[in-house]
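The residues making up each chain are set out below.
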Amino acid sequence: MYFSRNKHILSTSLMAAALINIISAMIGGLVRIIVNRSASLAPDMADSITWRIQTGVSAMQLILVCGVFWFAFRKLNRYINAVSDDDRAEMGRLQEEVFGDKLPALSADAIKRLLQIWAVILIGVEFVYDITSSLYREFMMQLFAIELLTGGLLNGGFTVLYNSTHGFKYLGMLIAILLGIMMTGIFLNDRPLKIVAGVLTVLFLIAFAVFQMNTISIFGRSIGVVWTSVIFHATETIGLFTVAIYMRTHYSGV
């Protein structure tokens, strides 16, 4: 059984999740600029107020994404259950005969599988990412305390260590998102999606292994830019939204 052209359940869900991520990232950025305005050498995540607010934003983000996929699965099951199990295969064959080349790109069952994959990534793996981010913060704060005691900060030791290890914080979640894009490309037999996943992987590895932290000034405050962080957050926000738009415009009913 295939959905009609106007039932873009998968792409709409990904767009909604990406918009939630974008808003969360914007709130997180504003919090860092407004709340933590000290001249401390410690990273922003060392500020307890900033960290608590960002933790709350992350929790709300996860709840909202859960709501998006809950609504999507409910809607999907309603469409699927409208046709009995015995009639679905027959309806699929009838649709293939009637619509031919205008047939939606994927069957309802295939869309459901993809929706499950993305739900695991954007809910399950995201939850693991939030937990490991908290553990990473504790690890870095312990190192920062050691650096203060030993005077290593005077030689920029903590900055180098922070930049060289920060990519590990994003590695699991980024791999999950890129696998989601790759799996979607495999389901749709779409080469551009597969290429995008590969290019983003290479860019992240280059940023992880080669690029150093750069400093920019915003509103009179110096901010360290870690390029692995830039690539990750761009992928889970603008990148995910762009993938959803691409799917919606290039494939019927997805």
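In case you missed it, the structure is sitting above this.
Residues numbered from 1 in each chain as written. Predicted model: local features only at pLDDT ≥ 70, side-chain atom pairs only at ≥ 80, totals over all residues. Heavy atoms only, no water.

Student: Would you mind going over a nonpolar patch on the surface with me for this structure?
Tutor: On the surface, a nonpolar cluster with roughly 490 Å² of combined accessible area is contributed by Val202, Ile206, Val210, Phe211, Trp227 and Val230. Elements represented by at least two residues in the nonpolar patch include exactly helix 6 (191-209) and helix 7 (227-250). With respect to the helices and strands, Val202 occurs in helix 6. (Patch = residues over 30% accessible without salt bridge, like charges linked within 9 Å, V, L, I, M, F, W, Y side chains within 5 Å. Areas by Shrake-Rupley, 256 points an atom, 1.4 Å probe, with all protein chains shown as cover. Salt bridge = Lys/Arg side-chain N within 4 Å of Asp/Glu carboxyl O. Helix = DSSP H or I, 4+ residues; strand = E, 2+ residues; numbered from the N terminus.)

Student: Could you clarify how one ought to interpret the nonpolar core in this entry?
Tutor: Nonpolar side chains in soluble globular proteins generally cluster together in the buried interior. Leu10, Leu14, Phe69, Leu115, Trp118, Leu122 and Ile181 are the most contacted members of the largest nonpolar core, which has 49 residues in total. Mapped onto this core, the elements with two or more residues apiece are helix 1 (9-34), helix 2 (48-81), helix 4 (108-150), helix 5 (157-188), helix 6 and helix 7. Considering every element that reaches this core, the biggest residue donor is helix 4, with eleven residues. Once you skip the residues sitting within four places of it in the chain, Leu115 turns out to touch Ile9, Leu10, Ser13, Phe69, Ala72, Phe73 and Leu76. Counting residues in each nonpolar core, the second largest holds eight residues, with Met45, Met140, Met141 and Tyr162 among its members. (Core = buried A, V, L, I, M, F, W, Y, C linked by side-chain atoms within 4.5 Å. Buried < 20%, exposed > 50% of the residue type's maximum accessible area, 1.4 Å probe, protein only. Contact = heavy atoms within 4.5 Å.)

Student: For this particular structure, what's the right way to read the environment of His166?
Tutor: Along the chain, His166 falls in helix 5. As a C-alpha pair, His166 and Met140 span 26 residues in sequence and 9.6 Å in three-dimensional space. Polar side-chain contacts of His166 include one of 3.1 Å to the side chain of Tyr170. (Polar contact = N/O pair within 3.5 Å; in protein donor to acceptor, adjacent residues only side chain to side chain.)

Student: Sorry, what's going on with the side chain of Thr228 here?
Tutor: Mapped onto the fold, Thr228 is located in helix 7. Ignoring sequence-local partners within four residues, the contact set of Thr228 consists of His166, Gly167, Tyr170, Phe204, Ala207 and Phe208.

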